[in-house]
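Working through the structure, step by step
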Amino acid sequence: MDTYKRLPIKIVRGKGCWVWDQNGKRYLDAVAGIATCSLGHSDNALRRALTRQLNQIQHVSNLFEISEQEALASWLVDHSCADRAFFCNSGAEANEAAIKLARKYGHFKRGIEEPVILAAKAGFHGRTLAAISATGQPNYHKGFEPLVQGFEFFTYNDFASFEKLLKQIENKGPRVAAVLIEPIQGEGGINTGNEIFFQQLQAECIKREILLIFDEVQTGMGRSGNWWGYEHLGVEPDAFTIAKGLGGGHAIGALMVKQHANFFSPGDHASTFGGNPFACKAGITVATEIERRNLLTNVNKRAAELNDGLIAITKSFPNHLHTVRGLGLIQGLVLNEETTITAQLFTKAALNEKLLVVPAGPKVIRMVPPLVIKASEIEELLKRVKATFRNIE
Ligand SMILES: *Cc1c(COP(=O)(O)O)cnc(C)c1O
C-alpha cells in the first residue's frame, strides 16, 4: 500500500556501515535501518549466531520455556535497573505493553477508575492506535479518531508545564497512573532530555505514586553512548521499553520493569512471536558483541568526532543551519527557520553524494549510524554532508 514515501534506490546488499544499490553503487549508511542495525550490516558474529540458531530451532511459542529468551532477559536485567522482561516484536508493541501495565497499576494498585497517562508533546511512541494516542504530535492522529482515551500532554523538558497539567487532571483527586516519556525525543527532532527536568519529574512521580515509564526504543542498547538513555539523566524509570537497536536489525521489542512495577499475571498480556528463539538469539548476540568489542567506548569517541564535525559544518552554512543536537550516535543537524532546505530535501540530495540519512521531523537531519562506525567513516560522513550542502545551498 502507499504507506511510505520511498526514496528511489533499491538497497540489495550491505557490509558494516556500507550498503549497495541494485546498480552496484555504494552508500555510507547513517540510517542503519533507523537505528536498528547496531552491529552494521551482515556482521560476522551475528550472521554466524543466527545461522546456527536457524539450524537449531526458530520458534516454539511462549507455551514453553525458551532458553534464548531467558538468556536475553538475564542479560538485560544484569545490565539495567530492571528486574523483569516481557518480549514482543516492535517498539509500538512494547509501548502497548507499557500502557496496559500503567492502566492495570492505576486500577488495581491506585484504585483509579479511569487512569490517565501523561506524555510529552513532540514525543513519539509508535503507530498502533494506543501508541499514536500517546504520541504528542497531532499530525499522527489525523484521520484515525476516535483515539484511545486517557492521554494528556505537557511540554518536554518543562516542569512548570508538567505541574500545571497534573494539577488540572487531578483537580478532583488522583487520576494519573503513569508518565510515558523518551529520554531523548527521536522522531520529534532529537531533543535531549534535561537532567534537572527529569529529576524533578522523577521526584514528583515518586511523591504521587505515579509510574515513570521511559520509551528507550530509539535510545536504548548503547546508541546514546551509555546502555540506556536514562543514565544520562541521573534518574531510573520504574519501567522502560526497548526495540530498535536490540535485535541488530531483527524484529524484537521488550518491556522492562523493576520488581515493584511487575504487575502482569499469567493471561494479562501475550505475544505469539514475542521472545522467540531466533529474535532473542539476535538480541543476546548484539548485547554480548557490544560488550566484547567495547562498542560503548567506540560510540563515545565517534560521537565526539561527529559532533565536532557537525558543529563546524553548522558554522560553514549559517544561512541554513541552526545547531546540532543529540547524544552518542543519535545526532541531529538542525536547519534554521529561514532556510528553504528541508530535512527531506537534504535526504534526497545526499543520495547524490552516496550518503543515507533520515529526517526527524521537517527541520532535523538525523544521523544514527551503526555503533561499529570507524573514525575514517565518520570523516567520510562529514565530507559527504558538507558536499551535499554545497550542492543545494
Ligand atoms: C521507532 C520508535 C517507536 C516505534 O517502534 P516500531 O518498532 O516502529 O513500532 C516507538 N518509540 C520510539 C521512541 C521510537 O523511536
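Before reading further, recall that the structure is shown in the block above.
Moving on, we get to the overall build of the chain. Secondary structure summary: the chain contains eleven helices and 17 strands in total. Once the C-alpha set of the chain is aligned to its principal axes, its extents read approximately 60 × 55 × 40 Å. Taking all contacts inside the chain whose residues are at least 6 apart in sequence as the whole, residues at least 24 apart take part in 71%. Roughly 17,700 Å² of accessible area belongs to the chain as shown, and the carbon and sulfur atoms make up 50% of that amount.

Now for the sheet that holds strand S2 (residues 18-21). The strand order across the open sheet formed by four strands is S1-S2-S3-S15, and the pairing between neighbours is mixed. Two strands close off the open sheet at either side, each with one partner strand: strand S1 (11-15) and strand S15 (355-356). The pairing of strand S3 (residues 26-29) with S15 spans two bridges and is classified as parallel. Residue pairing across strands places aspartate 29 opposite leucine 356, the latter belonging to S15. Across the sheet, helix H11 (residues 375-392) lies against S2, S3 and S15, angled at about 105° from S3, the strand it touches most.

Right, let's get into the environment of glutamate 163. Within the fold, glutamate 163 resides in helix H6 (residues 159-169). Judged by its relative accessible area of 34%, glutamate 163 falls in the partly exposed class. In the structure, glutamate 163 is positioned 38 residues away from leucine 201 in sequence and 9.0 Å away in space, judged by C-alpha atoms.

Under the counting rule described, the total for this entry stands at 13 salt bridges. Between aspartate 268 and lysine 104 there is a salt bridge, and its shortest N-O distance comes to 2.6 Å. On the criterion of sequence distance, the pair formed by aspartate 268 in the loop between strand S12 (253-257) and helix H8 (277-292) and lysine 104 in helix H4 (residues 91-109) is long-range, its members being 164 residues apart. Judged by its relative accessible area of 27%, aspartate 268 is partly exposed. A salt bridge links glutamate 170 to arginine 208, with the shortest nitrogen-to-oxygen separation between them at 3.1 Å. Of this pair, glutamate 170 sits in the loop between H6 and strand S7 (176-181) while arginine 208 sits in the loop between helix H7 (195-207) and strand S10 (211-215), and the two are 38 residues apart along the sequence.

Surrounding the ligand, one finds 13 residues, the nearest of these being Gly91, Ala92, Asp215, Gln218 and Lys244. Aspartate 215 is positioned such that a nitrogen or oxygen atom in its side chain is 2.7 Å from a nitrogen atom of the ligand. At a separation of 2.7 Å, an oxygen atom of the ligand approaches a polar side-chain atom of glutamine 218. Burial of the ligand by the surrounding chains reaches 81%, relative to a free accessible area of 390 Å².

Attention now goes to the layout of surface pockets. There is about 2,100 Å³ of room inside the largest pocket. In this structure, the largest pocket is lined by 50 residues; those nearest its centre are Tyr4, Ile34, Arg127, Glu187 and Val358. For the lining of the largest pocket, the secondary-structure elements that each account for two or more residues are helix H1 (32-35), H4, helix H10 (343-352) and strand S16 (358-359). The residue makeup of the lining of the largest pocket, split by class, is 24 nonpolar, 17 polar and nine charged. Size it by volume and the second largest pocket reaches roughly 880 Å³. Around the second largest pocket, the lining comprises 30 residues; the ones closest to its centre are Asn62, Gln69, Ala85, Phe86 and Phe87. If you list the elements that add at least two residues to the lining of the second largest pocket, you get helix H3 (67-78), strand S4 (84-88) and S12.

For an α-helix, the turn length of 3.6 residues means that residues three or four places apart are oriented alike. Compared with the 18 Å implied by 1.5 Å per residue over 13 residues, the 18 Å span of H7 between its first and last C-alpha is a close match. Buried residues of H7: Phe197, Phe198, Leu201, Gln202, Glu204 and Cys205, and no others. Along the axis of H7, the buried positions cluster into a sector of 165°, meaning they face one direction only. With respect to the buried face of H7, the exposed residues turned more than 90 degrees away are Ile196, Ile206 and Lys207. Of the surrounding elements, those touching the buried residues of H7 are strand S6 (151-154), H6, S7 and S10. One side-chain oxygen at the N-terminal end of H7 lies 2.9 Å from the backbone nitrogen of isoleucine 196; it belongs to asparagine 194. Backbone geometry just downstream of H7 places glutamate 209 in the positive-phi region, at approximately 55°.

As a further point, take unusual backbone geometry. A cis geometry characterises the amide bond from glutamate 145 onward to proline 146, with omega recorded as 0°. Tracing the backbone through its elements, the reader meets proline 146 in the loop between helix H5 (129-133) and S6. One non-glycine residue with positive phi stands out, namely alanine 35, at about 60°. Among the secondary structure elements, alanine 35 is positioned in helix H1. Among the residues examined, alanine 35 registers a relative accessible area of 2% and is labelled buried. Even without glycine at this site, asparagine 157 takes up a positive phi of about 65°. Relative to the assigned elements, asparagine 157 resides in the loop between S6 and H6.

About the thresholds
The numbering scheme is per chain: residues are counted from 1 as the chain's sequence reads. Only residues with pLDDT of at least 70 are given local features in this predicted model, and only at 80 or more are side-chain atom pairs given and counted; all residues enter the totals for whole chains, interfaces and linings. Note that water and hydrogens are dropped before the side-chain values are worked out from all heavy atoms of the structure. In this text, helices come from DSSP runs of H or I with a minimum length of four residues, and strands from runs of E with a minimum of two, each type numbered from the N-terminal end. Throughout, a contact is declared for two residues whenever any of their heavy atoms are within 4.5 Å. All accessibility values rest on the Shrake-Rupley procedure with a 1.4 Å probe; residue burial counts only the protein chains present in the view. Note: two strands are recorded as paired if DSSP finds a minimum of 2 bridges between them. Axis definition: a line fit to C-alpha positions, over the contact stretch in the case of helices; interaxial angles, taken between N-to-C directions, run 0 to 180 degrees. Think of it in three bands: with a 1.4 Å probe and only protein chains considered, a residue is buried below 20% of the maximum accessible area for its type, exposed above 50%, and partly exposed in between. Any Lys or Arg side-chain nitrogen located within 4 Å of an Asp or Glu carboxyl oxygen qualifies as a salt bridge. A single heavy atom is enough: if one lies within 4 Å of a molecule or strand, its residue is considered near that molecule or strand. Here a polar contact is taken to be a pair of N or O atoms separated by no more than 3.5 Å, where protein atoms must pair a possible hydrogen donor with a possible acceptor and residues adjacent in sequence count only if both atoms sit in side chains. Definitions used for this entry: grid spacing 1 Å over protein atoms alone; cavity, a set of points where a 1.4 Å probe fits but cannot get out; pocket, an open set with protein on both sides within 12 Å along at least 5 of 7 lines; lining residue, one with an atom within 4 Å of a point. Grid points are joined across faces, edges and corners, and a volume is the space filled by probe spheres set on the points. All amino acids are sorted into three groups, where Ala, Val, Leu, Ile, Met, Phe, Trp, Tyr, Cys and Pro are nonpolar, Asp, Glu, Lys and Arg are charged, and the leftover types, Gly among them, are polar. The span expected for a helix works out to 1.5 Å for each residue beyond the first. This arc is taken over the directions from the axis of the helix to the C-beta atoms.

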